[in-house]
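Residues per chain, in single letters:
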Amino acid sequence: VSGEDYYRNDQELEKGVINIYDGLQGENSTSSNDNHSTQVEYYLTEMRSDNTRTKSQEGEAAQFESYDVQAVNGIVYDYYRSFYNVIYRANVVIENLDNASDANRAKFEGEAKFLRAYAYFNLVRLFGDIPLIDRVVSPLEKEVQFTRVSASSIYDFIISDLETAVVSLDNNYIPKASRAGAQALLAKVHLTLGNYTDAQVLLESVMQGGFALQSNFNDVFYKERNSEIIFAIEYLPNLSDDSQNFSAEWLNAVGRTVGVNYVTTEARAALDAMGGERTQYSYRQDVDQPTQYQVAKYFPNGELGPDYASDPRLAGNDWIVLRYADVLLMHVEAIMAGGSSTSAAAALSSFQKVRDRAGFTDPVTSITKQELLDERRVELAFENQRFFDLVRFGVAQEVLSSFSVDNGYNFQSTDLLLPIPQAEIGISNGLLQQNPGYN
Amino acid sequence: QDSFIVSGTVITGVDNEPIPGVNVIIVNSTQGVTTDFDGNYSLEVKNGDVLQFSYIGFTSQTVIVNGQRTINVTLQEDANQLDEVVVIGYGTSKKSHLTGSISKVVNEELDQIPVARVDDALVGQVSGVNIQQTSGEAGSAPTIRIRGTGSITGDSGPLVVVDGAVVDSDFLGSMDMNDVESFEVLKDAASASIFGSRGGNGVIMITTKRGKEGRTKFSFNTYGGYKSARQSDSYYFSVAETAERELAETGSLSDKTRYMQLIGTDRDWQDVIFDGGFITNYALSVRGGSEKTKFSTSFSYLHDEGVLLTDDFKKYNLNLRVDTKLSDKFSTGVSLTPSYTNTRRFDGSTHDILRQPPWLPLYLDEYNIQFVNRTREGGAYADAKIGDYAVQRMFDDYDLENGMPSTGSGTDISDTSNTNPAAKVLERERRDFKFKLYGSAYGQWNITDDLNFRTNFAGDFQNTKRTRWQGVLASRNGAAAAQSDFIQHNTIHLVWDNFLSYNKEFGKSEISAIAGISAEGWKNDYSSMTGTGYDSDLVQSINNATLISSATQFEYEKRLLSYVGRVNYAYDNRYLASFSIRRDGSSIFGSNYKYGNFPAASVGWNVSNEAFLENSKAISNLKFRFSWGVTGNDRLNTGNVNPNVSDGNNTISTGDAMIDNYPYLPLLDASTAVINGALAGGFNPINIANPDLQWERSVEINPGIDFGFYNNVVSGSVDYYKRTSDQLLLNNPISATTGFTEALVNLGEVQNEGFEVELRVRWITKENFSWNTAFIASHNENTLTDFAASNGQIQNVDTKRAAEWINLEGNPISSFYGWVVDRDIPTEYIRDPYHPIGAEPQDVYVKDLNGDGLIDDDDKAIIGNPYPDFIWSITNNFTIGSFDISFMFQGSHGAEIRNMGDQYLFNHFGSSQDFDPNTTPDQGFIKEKIFTNDIVQDASYIALRNVNIGFNFPKDWTSRGNVFTNARIYAAGQNLMYLTADDYTGFNPESIDNTSPTAYGYQRAGSPIFRTISIGLNLDF
């Protein structure tokens, strides 16, 4: 099919919108040239925090845990490439919105912009200043492809996209792009930027949306589309195009690598001390190598849930991006507003809900910043939140330095940003500048 | 009637000297002799016999025997004797009238070289042609480059033309060498431009054997030989050697080494995967005909077991051909060549196996089973039994003290949880089945004596079926990962040529001209499906899979329409000129650029035919020529559906055939996403459309000299050429921010400039002893002269091993780029320098080239390029009585290779080989070897390519029973000697894993050069 005359009506634009989700799903393959997108995100986030590491501490994958990421790292390039591809797919839809019917235009726009903003939000947090591509660009427009735009301009762009999405979307399509999803994501953007009041308003709006915590923590991960999910990237089992393999990669020797995203001693200690009911559903001992520990969320083979895949590399577990517990904890964070603690009733109430489910029913009377960070760590462990939380709470430098020293790693402050992929630098003929610390 | 003896002397008409070696035969018989050194002969004849005297370079003479006892003959030199006929595009030419650069190779002993493909036999035969064994699998295609890499699209291989019709280059893999009469290689653009858009990379024209008038001749040729691989000493590691070194350097043996010794295996994995094999070939042909009708039929069978584990190639080939004259005016002919090949591939990668430690047994046996730790890996090996594949993890946690596997913690020696490396190959079965049918039919109408019209209809049909089975034991993932793939690919390719030819002599002028139209079309359909999850190896059909995990189907077409014209003019065999033009229209390009024009002009001057040289004894032939021509290229190669080319990941890739065929259109592919727990269909743009895409263009000038001295005892040619290719069709890397990583563009300019020399010497020509030598050599220099905005772009071929290439103006198109090694890291800073066995540190100190005290991108430099400066061959032929001997040395110099195999084979990944970050000085100057010139190695080689020693049964012996007219046995050897540069560590400097034009010359261990020893028999009757 040729695209020259495509995206001319609602039906065709709808196909374009679905294609954005396809981009976020990423390819379920082992070829290093494919776009794996969300399926490799844990390398760049969780394994760069104090939560996980590789089992064998070898190869390209181990660069993340030891803060020794090279500019040529293929996984970094994979993610960069994948998320700009998602942005491209969104831009294709946005450029053709004129062809949509009046009834559907806003919906398409909201969805495309929500997904584009999500991609930019991840990229800006991982890479800092990045090229801003807000339309379909030709290969000859090198200036725009290789000019890094300040993070604050990227954030302005994200906010603008998400504000459009909040207005354009409704809540009928959860867990795909929705008004609540846009509000929750925008709230997280505002928290990142320190706009606490804006965040609080948005979060309280989400909290009116009928979401509820699952009573059993394990069900969050093994009951797809449950009441707690606000935005998830969905997969189905046993379909090579629509299944994921990160679940298999996290096990021992069933995937391409031999165990990645294994649980660190520090994360185990935190979960053991503060996880309550959540701990048993968050990690487990590796049956093959009893000295090692695996993530227990997202098992591929139905051990703990219904989405059974005959081949663990064709897993159907959805990847949860935003869930209600996160919203509740963000609510606390917004109220705390950068302070060291809060006793505000609204904050206590939100916090208590999360604690109650974990089995800690003693009433909370005040929450310190550290307590909030710890709570987020054990509630959202292995959900690619920890690294961003540390940065947002302003403690990444301190926490990761001490983690690095304890483990003989090599953390420097420049490791808070990833390198711009060397492949991009190489073809830019000097236009594109590398982040500090990566030459 | 009584027979009697006639004798005499044969002399030349030039200087009345006797001529040795003149063939004297009785026409229509099998009897004949040759003249001795003094030009004398004697032969038993009868009255009425017709004697024919013939010798190369002289006009043949016949004499009818009528009672004479002595017949002396004076042979006249033939001005046209050089007029060996040479096949040029859409016609033929006398060699003396050629103004371009065309090399002809006659199949004399090529069919005795024990190789599975006709192109493999051409190595070293033609100057300016570089044929590399890039993949060593049985039956796999070599990489052929004529005069360097000019076009830089993925496909820089030459066009292949068989009996005048263009065929798929894959055809070279299914032809039988016994059917080949000759090869003509069109090297300069003026010669190749008659093929217009497809002549840019040179043309190989193959002429097949036809029936000849006269007695029906049977010919049976066979050979059998054994192939073995050339191994690399650098990649042989042993526990014993490591132990010795460790003991010498540290004074004691570590637990690991002691344990490895205990297991008792110390193997060279090269012996396991390079298992050698036999190659056999049988060919039978029957050719003959009457004055009106000639026929040729042949059958051949070839079986090459290959030198790699599991690889195997079988080829069946049939050829039928009939040419007939219906009348003086009309003639017609048909030919039909079906062939079938069955290839079992080596479904693995050599580096993966060769990096396994030497202590690992292949199978568990009565002795080594005692070391299996049955409690490890959650009890995965509890049931291990004798005969199972040994896996590294089985041997971990050994209690050396008590001599038994430990249940707690003991000595660990494994470095991977992968399955046994041999199992990965042996438990997979990957086969390619190809059925090809090539057929052609022509009709010719001789309108007048000078003018004829010929219509030729040719077509080939190819069906490729590929299957792949990955067994339950083939991977560590077991039955769930057992997988079967089924692929069907059909291609129909049709060519219809209609040509008018005009040949006329006017006094001293000779004109030959052609004009014609050629239409070509390709139609492809492709489908594949994959099933995963099988309970056992017993039923491999798709319906037994747990799930059909993917299915693909697509079709594509391509069309080409061409107008061709050419005029050749010769005046008095002295002044020569040729003009041609071709206009090609291709479906690949958008409407603005559908058509391209490809003109050529060339002139020649046969100085030796001028009056002032006519009587020169020294100079028997001298010709100056000059050609200019334009050729093009429309071949894109973004992906690859050619099943012959293996890909790095060992997956069966479908490539982007759609993009290759419709690159000017924005293409969409179906995509799916999961929305609300259900599948939803989308459409995904898969390329960046380029409606301005157009022909790649090469302009080449080629002055040359052909010469022959002293009756052509010394003859040869010298050519200089300069080819400038611009508007290069290139899949250029682009920023990922566009949504894509590559885009097809016309970009830049590449220049290839070089010399070619061919020199042939007939040292000695005596009745019982002759010696000829042929020397060919070529030098080529590749320079990127313009790369517009992409000048200086740096790229890599593999994001996991991201060694870099730079495309920088003024340098070869793919230059290796990286840091320069300063020195190794001393052993004292390496964590565990003795493990794994054979491992080397992956890091090295590099040079601070700009002296600023730190190592960064500014310290990178060009560290080599993959193109040879100089390639050559020397062939010597001797005949000594009934024996003949020939051998060819061939060499290549100046190319470099990026041998990434080292990174695997020396286990650069092992963390035990890391430097100690607490003690090692100058850590800022340390870089991984893969980014340095440490793995850039000299790819030069000198090979004794072919040796052939034959014995011809004497004529009187063969003619005694009147059964055989000719019988010869021979022994042949290939690559009996193969020398590489000292710093080259691999086993084949010709092996290239990635043939991307802008990042060329990367080897990941690759596959070996093979050595073959064979014996053969030729019988004619």
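The rules behind each value
- Residues numbered from 1 in each chain as written.
- Chains lettered and ligands numbered in written order.
- Predicted model: local features only at pLDDT ≥ 70, side-chain atom pairs only at ≥ 80, totals over all residues.
- Heavy atoms only, no water.
- Helix = DSSP H or I, 4+ residues; strand = E, 2+ residues; numbered from the N terminus.
- Rg over C-alpha atoms; globule rule 2.2 N^0.38 Å.
- Buried < 20%, exposed > 50% of the residue type's maximum accessible area, 1.4 Å probe, protein only.
- Contact = heavy atoms within 4.5 Å.
- Areas by Shrake-Rupley, 256 points an atom, 1.4 Å probe, with all protein chains shown as cover.
- Lys, Arg positive; Asp, Glu negative; His and termini not counted.
- Charge placed at Lys NZ, Arg CZ, Asp CG, Glu CD.
- Expected span 1.5 Å × (residues − 1).
- Polar contact = N/O pair within 3.5 Å; in protein donor to acceptor, adjacent residues only side chain to side chain.
- Phe/Tyr/Trp six-rings, centres within 6.5 Å; stacked < 30°, edge-to-face > 60°.
- Lys NZ or Arg CZ within 6 Å of the ring centre and 35° of its normal.
- Pairing = 2+ DSSP bridges.
- Axes fitted to C-alpha atoms, helices over the stretch in contact; angles between N-to-C directions.
- Parallel < 35°, antiparallel > 145°, perpendicular 65-115°, else oblique.
- Left-handed = near helix turned anticlockwise from the far one by under 90°.
- Salt bridge = Lys/Arg side-chain N within 4 Å of Asp/Glu carboxyl O.
- Core = buried A, V, L, I, M, F, W, Y, C linked by side-chain atoms within 4.5 Å.
- Patch = residues over 30% accessible without salt bridge, like charges linked within 9 Å, V, L, I, M, F, W, Y side chains within 5 Å.
- Buried area = accessible area lost by both parts, 1.4 Å probe.
- Nonpolar A, V, L, I, M, F, W, Y, C, P; charged D, E, K, R; others polar.
- pLDDT = per-residue confidence, 0-100.

So, the overall build of chain A
The secondary structure content of chain A amounts to 18 helices and eight strands. At 21 Å, chain A has a C-alpha radius of gyration in line with the 22 Å of a compact globule built from 439 residues. In terms of overall dimensions, chain A has C-alpha extents of about 60 × 45 × 45 Å along its principal axes. Each of the 439 residues in chain A was classed as buried or not, and the buried ones make up 64%. Taking the contacts inside chain A whose residues are at least 6 apart along the sequence as the reference set, 67% of them involve residues at least 24 apart. Working note: accessible area of chain A is about 14400 Å², and carbon and sulfur atoms make up 46% of it. One finds the centroid of the 35 positive side-chain charges in chain A at a distance of 1 Å from the centroid of its 61 negative side-chain charges.

Regarding the overall build of chain B
The secondary structure content of chain B amounts to eleven helices and 52 strands. The C-alpha atoms of chain B give 32 Å as radius of gyration, which agrees with the globular expectation for 1021 residues (31 Å, within 12%). With the C-alpha coordinates aligned to their principal axes, the bounding extent of chain B is approximately 105 × 65 × 65 Å. Residues classed as buried in chain B amount to 58% of the 1021 residues present. In chain B, of all internal contacts separated by at least 6 residues, the share reaching a separation of at least 24 is 70%. Surface summary for chain B: the accessible area is close to 39300 Å², and the carbon and sulfur share equals 53%. Each charge class in chain B was averaged separately, 82 positive and 127 negative side chains, and the resulting centres sit 7 Å apart.

Re helix α4 (residues 74-95) of chain A
Between the first and last C-alpha of α4 of chain A there are 31 Å, a value that for 22 residues agrees with the 32 Å anticipated at 1.5 Å per step. Regarding α4 of chain A, its N-cap is Asn73 of chain A, as a side-chain oxygen of that residue lies 2.8 Å from the backbone nitrogen of Ile75 of chain A further along.

Considerations on the environment of Thr965 of chain B
Among the secondary structure elements, Thr965 of chain B is positioned in the loop between α11 (955-960) and β50 (966-980). Between the C-alpha atom of Thr965 of chain B and that of Asn661 of chain B, which follows or precedes it by 304 residues, the distance is 53 Å.

Details of the packing of aromatic side chains
Tallied over the entire structure, the rule returns 69 aromatic pairs over all chains. Centre to centre, the rings of Tyr41 of chain B and Phe53 of chain B are 5.5 Å apart; their planes meet at 70°, and the pair counts as edge-to-face. Here the residue Tyr41 of chain B occupies a position in strand β4 (residues 40-45), and Phe53 of chain B occupies one in strand β5 (residues 50-54), the gap between them amounting to twelve residues. Under the relative-accessibility criterion, Tyr41 of chain B is labelled buried at 4%. Given the relative accessible area of 0%, Phe53 of chain B is considered buried. A centroid spacing of 5.1 Å and a plane angle of 65° characterise the contact between Phe171 of chain B and Tyr438 of chain B, whose relative ring orientation is edge-to-face. Taken together, the positions of Phe171 of chain B in the loop between β14 (165-167) and β15 (180-186) and Tyr438 of chain B in strand β24 (residues 428-446) put the pair 267 residues apart, joining distant regions of the chain. Among the residues examined, Phe171 of chain B registers a relative accessible area of 4% and is labelled buried. Taken together, the ring pairs in this structure connect Tyr42, Tyr43, Phe64, Phe217, Phe221, Tyr235, Phe246, Trp250, Tyr298 and Trp319 of chain A into an aromatic cluster. Here Arg125 of chain A stacks its cationic end above the ring of Phe388 of chain A, 3.8 Å away from the centre of that ring. Sitting above the plane of the Phe433 of chain B ring, Lys465 of chain B keeps its charged end 5.2 Å from the centroid.

Focus on the sheet that holds strand β1 (residues 4-12) of chain B
Residue and element names in this part refer to chain B. Reading across the sheet, the three strands line up as β4-β1-β7 and stay open at both edges, with mixed pairing between neighbours. With one partner strand each, in any of the chains shown, β4 and β7 (73-75) form the two edges of the open sheet. Strand-to-strand, the axes of this sheet are offset by a mean angle of 35°, without reference to chain direction. Judged from the three bridges that link them, β1 and β7 form a sheet pairing that is parallel. Within β7, the residue paired with Thr12 across the bridge is Leu75.

A look at the packing of α4 of chain A against helix α5 (residues 102-127) of chain A
Residue and element names in this part refer to chain A. Where α4 contacts α5, the axes come no closer than 9 Å and their chain directions differ by 155°. Comparing their axes, α5 and α4 come out roughly antiparallel. The element α4 and its partner α5 pack so that their crossing is left-handed. Packed against α4, whose contacting residues are Val76, Tyr79, Tyr80, Phe83, Tyr84, Val86, Ile87, Ala90, Asn91, Val93 and Ile94, the element α5 presents Phe108, Ala112, Lys113, Leu115, Arg116, Tyr118, Ala119, Tyr120, Asn122, Leu123, Leu126 and Phe127 at the interface.

Some points on the pattern of salt bridges
All names here are of chain B. Across all of its chains, the model carries 71 salt bridges over all chains by this definition. Among the ionic pairs, Asp119 bridges to Arg117, the shortest N-O distance being 3.0 Å. By relative accessible area, which is 4% here, Arg117 ends up buried. Here Asp572 ties to Lys508 by a salt bridge, and the two come within 3.9 Å at their closest N and O atoms. Here Lys508 lies in the loop between β26 (483-506) and β27 (509-532) and Asp572 lies in the loop between β28 (547-571) and β29 (575-586), a separation of 64 residues in the sequence.

Structural notes on the environment of Gly67 of chain B
Residue and element names in this part refer to chain B. By the secondary structure assignment, Gly67 is in the loop between β6 (61-64) and β7. The class of Gly67 is partly exposed, set by a relative accessible area of 34%. For the pair Gly67 and Val6, spaced 61 residues apart in sequence, the C-alpha separation works out to 8.9 Å. The contact partners of Gly67, leaving out residues within four places of it in the chain, are Phe4 and Asn47.

As for the nonpolar core
One finds Tyr43, Phe114, Tyr120 and Ile158 of chain A to be the most contacted residues of the largest nonpolar core, which totals 152 residues. In terms of residues, this core owes the most to one element, α4 of chain A, which gives 14 residues. Not counting residues within four places of it along the chain, the set of residues in contact with Phe114 of chain A comprises Leu162, Ala165, Leu169, Ala177, Gly181, Ala182, Leu185 and Phe231 of chain A. Ranked by size, the runner-up nonpolar core spans 41 residues in total, among them Tyr235, Leu309, Leu354 and Tyr398 of chain B.

Topic: the side chain of Arg53 of chain A
Position of Arg53 of chain A among the secondary structure elements: in strand β1 (residues 52-53). When residues no more than four places from it in sequence are discounted, the contact partners of Arg53 of chain A are Met47, Glu65, Val260, Asn261, Tyr262, Val263, Thr264, Gln292 and Tyr409 of chain A.

Side note on a nonpolar patch on the surface
Residues and elements named next belong to chain B. Residues Phe299, Tyr316, Leu318, Leu320, Leu336, Tyr340, Phe435 and Leu437 make up a contiguous nonpolar surface patch of roughly 630 Å² in combined accessible area. Mapped onto the nonpolar patch, the elements with two or more residues apiece are β20 (312-325), β21 (330-344) and β24. Broken down by element, the nonpolar patch gets its largest block of residues, three residues, from β20.

Side note on unusual backbone geometry
In most cases, non-glycine residues show a negative phi, while peptide bonds are predominantly trans. Along the chain, His835 of chain B connects to Pro836 of chain B via a cis peptide bond; the corresponding omega equals -10°. By secondary structure assignment, the location of Pro836 of chain B is in the loop between β41 (821-823) and β42 (843-846). Within the chain, Tyr298 of chain A stands out as a residue other than glycine whose phi angle is a positive 75°. For Tyr298 of chain A, the location among the structural elements is in the loop between β5 (293-295) and β6 (319-323). Phi at Asn712 of chain B is positive, roughly 60°, even though this residue is not glycine. The exposure class of Asn712 of chain B is buried, given its relative accessible area of 13%.

Concerning the interface of chain A and chain B
By a widely used convention, the size of an interface equals the accessible area lost when the partners come together. Contact with chain A, which involves 69 residues of that partner, is made by 63 residues of chain B. Summed over both sides, the interface between chain A and chain B buries roughly 5500 Å², with carbon and sulfur atoms accounting for 53% of that surface. Linking chain A with chain B are zero salt bridges. On the surface where chain A and chain B come into contact, there are 14 residue pairs in polar contact (both at pLDDT 80 or more). For the side of chain A that touches chain B, the elements supplying multiple residues, two or more each, are α1 (10-25), α4, α6 (142-146) and α18 (422-427) of chain A. Residue contributions to the side of chain A that touches chain B peak at eight residues, all from α4 of chain A. A per-class count over the side of chain A that touches chain B returns 29 nonpolar, 22 polar and 18 charged.

Quick notes on the confidence of the model for chain B
Taken over all residues, the pLDDT of chain B has a mean of 86, while the share at 70 or more is 95%. Below pLDDT 50 for its whole length, residues 640-654 of chain B participates in 40 contacts with residues either more than four positions away or in separate chains.

Re the packing of helix α13 (residues 324-336) of chain A against helix α14 (residues 345-357) of chain A
Residues and elements named next belong to chain A. One can describe the packing of α13 onto α14 by two numbers: an axis separation of 8 Å at closest approach and a directional angle of 145°. Seen along the crossing, α13 lies across α14 with a hand that is left-handed. Contact residues: α13 offers Tyr324, Ala325, Leu328, Leu329, His331, Val332 and Ile335, while α14 offers Ala346, Ala347, Ser350, Phe351, Lys353, Val354 and Arg357. Per-class residue counts for the contact of α13 with α14 are ten nonpolar, two polar and two charged.

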